[in-house]
Amino acid sequence: MRWQTIEKSPGADALAPNLADYERTRAGFSWAEARGELDGLPGGRGLNIAHEAVDHHAAGTRRDHLALRWLGANGEVRDFSYGRLAELSNRFANVLQALKVGKGEGVFALTGRIPELYVAALGTLKNGSLFCPLFSAFGPEPVHARMSIGEARVLVTTPALYRSRVAGLRERLPRLEHVLLVGGGAAAQDVPGTRDLDSLMAGASAEFVIPPTDPEDWALLHFTSGTTGRPKGAIHVHAAVLVHHLTGRYALDLHPEDVFWCTADPGWVTGTSYGIIAPLTNGVTSIVDEEEFEPERWYGILQDQKVTVWYTAPTAIRMLMKYGDELARHYDLSRLRFLASVGEPLNPEAVVWGAEAFGHPFHDNWWQTETGGIMISNYAAMAVKPGSMGKPLPGVEAAVVRRREDGGIDTLAPGEQGELALRPGWPSMFRGYLHEEARYEKCFAGGWYLTGDLARCDEDGYFWFVGRADDLIKSSGHLIGPFEVESVLMEHPAVAEAGVIGKPDPMAGEVVKAFVALKPGIDPDEALRRELLGFARKRLGAVAPRELDFQPSLPKTRSGKIMRRLLKARELGLPEGDLSTLEAEK
Ligand code: ATP
Ligand code: MG
């Protein structure tokens with residue numbers, strides 16, 4: 001192996017299992033027993049995410065502990081203790097009650113990262129309604145499509161977003177009864193067809209008794225990122241909180257005194273599972289930054305807020321790498337203890353860069369909208385193999401499988417490449433794609449949930465991401481995962497980002513074509529193109545890219561995933577497909 005295993009992160013706690021403990025924990029693990037970790041609604045009235053996230057702490061010694069610190073774009077800072085969050089979410093639940101919004105009914109949010117979003121999410125969960133966050137950068141059509149599928153009855157948004165995204169669609173959303181505007185003050189009261197949330201909140205009681213909640217009651221609706229096609233609406237239930245809670249501890253190493261920063265957009269599943277639920281159920285302080293990525297601002301937050309645990313995504317890490325570690329050295333990042341990444345394969349280069357720039361490697365972990373929470377992870381107390389996603393969470397059975405012609409499933413041996421599969425039964429597993437029964441059924445075969453991702457497992461039980469099943473390249477009898485090729489290109493000092501596709505070829509079936517974005521200040525030219533192709537050939541041999549184009553940046557989803565299907569469609573002059581989640585291209 002070219003990359004050295006990195007011993008466990010200094011300071012990582014033994015709370016998360018090391019390899020020996022991991023096997024023991026795994027062997028004796030049962031979800032039913034783990035349920036004892038959670039409080040449950042008083043009087044045995046079930047399990048509710050918001051109760052575990054805020055009321056449980058507000059009723060105990062952590063009432064005054066800082067739950068959420070919001071950093072506004074204008075420099076304003078707003079702090080919320082657990083007690084305050086409990087009270088505000090009670091008010092929001094009472095607002096829903098007054099509007100006669102009931103169990104399972106859709107409450108959507110279309111806002112930036114503002115405190116009201118967190119309050120609305122928790123209040124909706126308390127009320128037993130179905131919460132669905134949307135990316136605030138969505139245009140009107142993606143907003144409409146998702147609100148129609150989710151049969152939204154309530155929308156929480158801002159006056160500006162309402163005017164630009166929703167007002168014109170109102171007639172096409174006959175089920176949408178209540179639009180609640182945040183932070184518009186007096187101005188909000190003048191927008192026809194809407195209500196001012198601030199005054200509704202002020203008039204609502206701060207007391208609320210969460211109604212009995214069955215762990216199987218619907219809680220969250222999350223749309224997938226749309227990386228491979230039309231986004232699907234995955235339904236999650238209240239029982240999912242068990243996974244959020246445990247993965248917060250095991251995979252993110254959260255401890256009560258931690259200051260945690262999850263940089264995910266709230267419109268993406270990570271923004272809910274790890275931007276709201278996991279940190280709160282674990283009782284930590286969570287940082288919410290209203291602004292978008294900007295290297296100096298981000299380093300400044302890590303320093304000034306004394307962030308100890310940081311959960312981010314490969315795109316952001318690659319951007320920081322672009323600016324070099326000199327910039328990181330200008331800041332005091334000594335409080336950082338644990339770094340984790342999700343959303344895309346994390347190139348080994350980036351893991352090692354983290355170890356150099358921050359003194360801690362990034363811990364990659366893998367999951368999907370469908371899984372609701374982290375499933376595979378480089379645990380805190382476990383050695384990190386750069387480039388590997390890690391090992392399954394105790395209670396999660398993962399395997400690399402191949403679908404047989406007859407519909408059966410074969411489990412593959414270590415080293416073999418196949419589809420990553422999970423044994424259904426973990427509590428945060430999605431319970432369906434809303435209104436898409438057939439698409440849901442297709443995810444299961446032979447007693448497994450098939451993830452659509454390709455992977456292999458090594459002798460030590462670490463899983464390695466190969467690519468998405470849709471992105472696999474078949475060239476002259478080789479099966480090539482784009483990730484390996486991209487990671488090699490990333491090792492070249494001029495490369496900031498790489499995306500690789502298969503391009504049809506009469507001789508080879510497909511040839512590997514790479515798209516590369518360069519680091520700032522480096523100009524693309526023919527010599528560099530040849531150098532990069534040679535660099536990759538030396539390391540990869542026959543599976544190296546045959547063609548390479550430069551691009552200022554690569555097309556990505558709003559959750560930061562490289563859209564290889566779009567690179568491919570453009571290369572081949574094919575229709576571009578669903579672009580609702582495409583991030584504006586620079
Ligand atoms: P869609 O399903 O609509 O095509 P999507 O799969 O990108 O979009 P998400 O559920 O947000 O939507 O993303 C999950 C996917 O992201 C995983 O299936 C996997 O392909 C990729 N992914 C997430 N984490 C990792 C990781 N650590 N390493 C590699 N890939 C990852
Ligand atoms: Mg997917």
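Rules behind the numbers
- Residues numbered from 1 in each chain as written.
- Chains lettered and ligands numbered in written order.
- Predicted model: local features only at pLDDT ≥ 70, side-chain atom pairs only at ≥ 80, totals over all residues.
- Heavy atoms only, no water.
- UniProt positions renumbered as here; feature names shortened; annotations may be inferred.
- Helix = DSSP H or I, 4+ residues; strand = E, 2+ residues; numbered from the N terminus.
- Core = buried A, V, L, I, M, F, W, Y, C linked by side-chain atoms within 4.5 Å.
- Buried < 20%, exposed > 50% of the residue type's maximum accessible area, 1.4 Å probe, protein only.
- Contact = heavy atoms within 4.5 Å.
- Expected span 1.5 Å × (residues − 1).
- Axes fitted to C-alpha atoms, helices over the stretch in contact; angles between N-to-C directions.
- Parallel < 35°, antiparallel > 145°, perpendicular 65-115°, else oblique.
- Left-handed = near helix turned anticlockwise from the far one by under 90°.
- Nonpolar A, V, L, I, M, F, W, Y, C, P; charged D, E, K, R; others polar.
- Domains from an automatic or database assignment.
- Salt bridge = Lys/Arg side-chain N within 4 Å of Asp/Glu carboxyl O.
- Polar contact = N/O pair within 3.5 Å; in protein donor to acceptor, adjacent residues only side chain to side chain.
- Near = heavy atom within 4 Å.
- Areas by Shrake-Rupley, 256 points an atom, 1.4 Å probe, with all protein chains shown as cover.
- Phe/Tyr/Trp six-rings, centres within 6.5 Å; stacked < 30°, edge-to-face > 60°.
- Lys NZ or Arg CZ within 6 Å of the ring centre and 35° of its normal.
- pLDDT = per-residue confidence, 0-100.

Engineer: Explanation requested: the UniProt feature "domain: AMP-binding enzyme C-terminal" (unreviewed entry) in the protein in the structure shown.
Structural biologist: The UniProt feature table records "domain: AMP-binding enzyme C-terminal" (unreviewed entry) at residues 484-561. Across residues 484-561, helical content stands at 28% and strand content at 32%; the span's end C-alpha atoms are separated by 16 Å.

Engineer: Please clarify how the nonpolar core should be interpreted in this entry.
Structural biologist: For soluble globular proteins, the rule of thumb is that nonpolar side chains tend to be buried together. If you look at the biggest cluster of nonpolar residues, it comprises 125 residues, and the most contacted ones within it are Trp-31, Leu-85, Phe-92, Met-147, Leu-280, Tyr-311 and Met-375. If sequence neighbours within four positions are ignored, Leu-280 has contacts with Glu-52, Ala-53, Val-54, His-57, Ala-67, Tyr-82, Leu-85 and Leu-122. Of all hydrophobic cores here, the second largest spans 28 residues; its members include Leu-71, Ile-317, Leu-336 and Leu-339.

Engineer: I'm lost on helix 4 (residues 82-98) in this one. Help?
Structural biologist: One turn of the α-helix equals 3.6 residues, which is why residues spaced by three or four share an orientation. For helix 4, built from 17 residues, the straight-helix expectation of 24 Å at 1.5 Å per residue is met to within 8% by its first-to-last C-alpha distance of 24 Å. Counting buried positions along helix 4 yields 13 of 17 residues, so the element is predominantly enclosed. The positive-phi residue at the C-terminal boundary of helix 4 is Lys-100, with phi of around 60 degrees.

Engineer: Could you clarify how one ought to interpret the packing of helix 3 (residues 49-58) against helix 4 in this entry?
Structural biologist: Describing two packed helices takes the angle between their axes plus the distance from one axis to the other. Helix 4 packs onto helix 3 with a crossing angle of 120 degrees between their chain directions and a minimal axis gap of 8 Å. On the basis of the axis angle, helix 3 is oblique to helix 4. For the crossing formed where helix 3 meets helix 4, the hand is left-handed. Residue-level inspection shows Ala-53, Val-54, Asp-55, His-57 and Ala-58 of helix 3 in contact with helix 4, the latter providing Tyr-82, Gly-83, Leu-85, Ala-86, Ser-89 and Asn-90. Split by residue class, the contact of helix 3 with helix 4 holds six nonpolar, four polar and one charged.

Engineer: What should I look at first to understand the packing of helix 3 against helix 5 (residues 115-126) in this one?
Structural biologist: The geometry of helix 3 relative to helix 5 is characterised by a closest axis approach of 8 Å and an angle of 120 degrees between their N-to-C directions. Regarding the angle of helix 3 to helix 5, the classification is oblique. In the packing of helix 3 onto helix 5, the handedness of the crossing is left-handed. On helix 5, the residues touching Ile-49, Ala-50, Ala-53, Val-54 and Asp-55 of helix 3 are Leu-122, Leu-125 and Lys-126.

Engineer: Would you explain the domain arrangement of the protein in this entry?
Structural biologist: Accessible area lost on assembly of the parts is the figure often given for the size of an interface. Domain assignment breaks the protein into domain 1 (12-457) and domain 2 (472-572). Relative placement of domain 1 and domain 2: their C-alpha centres are 31 Å apart. At the junction of the two partners, domain 1 supplies 23 residues and domain 2 supplies 21 residues. At the boundary of domain 1 and domain 2, one finds one salt bridge. Between Arg-564 and Glu-344 there is a salt bridge whose closest N-O contact spans 3.7 Å. Taken together, domain 1 and domain 2 are joined by eight residue pairs in polar contact (both at pLDDT 80 or more). Contributing elements (two or more residues each) for the side of domain 1 that touches domain 2: helix 13 (314-323) and helix 15 (348-358).

Engineer: Any chance you could explain the environment of Gly-128 here in plain terms?
Structural biologist: Of note, Gly-128 is situated in the loop between helix 5 and strand 4 (130-134). Among the residues examined, Gly-128 registers a relative accessible area of 11% and is labelled buried. Separated by 101 residues in sequence, Gly-128 and Gly-229 have C-alpha atoms that sit 31 Å apart.

Engineer: What should I look at first to understand the site of ligand 1 in this one?
Structural biologist: Around ligand 1, the surrounding shell holds 22 residues, and the nearest of these are Ser-225, Gly-226, Thr-227, Thr-228 and Thr-369. Within the side chain of Thr-228, an N or O atom sits 2.4 Å from an oxygen atom of ligand 1. Contact between ligand 1 and Gly-343: a nitrogen atom at 3.1 Å from a main-chain N or O atom of the residue. Protein contacts shield 97% of the accessible area of ligand 1, which totals 630 Å² for the unbound molecule. Of all the secondary structure elements, the ones that give two or more residues to the shell around ligand 1 are strand 14 (362-366) and strand 22 (463-468). With three residues, strand 14 is the largest single contributor of residues to the shell around ligand 1. A breakdown of the residues in the shell around ligand 1 according to their chemical character gives seven nonpolar, nine polar and six charged.

Engineer: Even after reading the chapter, I still don't get the packing of aromatic side chains, so can you show me in this structure?
Structural biologist: Here a ring pair, both rings aromatic, is described through the centre-centre distance and the interplanar angle of the planes. This model, assessed by the stated rule, comprises 23 aromatic pairs. Ring plane angle 80 degrees and centroid distance 5.0 Å describe the contact between Phe-430 and Tyr-440, whose orientation is recorded as edge-to-face. Pair noted here: Phe-430 is in the loop between strand 19 (418-422) and helix 16 (437-441) and Tyr-440 is in helix 16, with a separation of 10 residues, a long-range link. Each member of the pair Phe-430 and Tyr-440 is classed as buried. In this structure, Arg-249 is placed above the aromatic ring of Tyr-250, and the distance from its NZ or CZ to the ring centre is 5.4 Å.

Engineer: What is the right way to look at the confidence of the model for the protein in this model?
Structural biologist: It should be kept in mind that the predicted coordinates are not to be read in detail where pLDDT is low. The predicted model of the protein has a mean per-residue pLDDT of 93, with 96% of residues at 70 or higher. Per the prediction output, this complex has pTM 0.94; the corresponding ipTM is 0.99.

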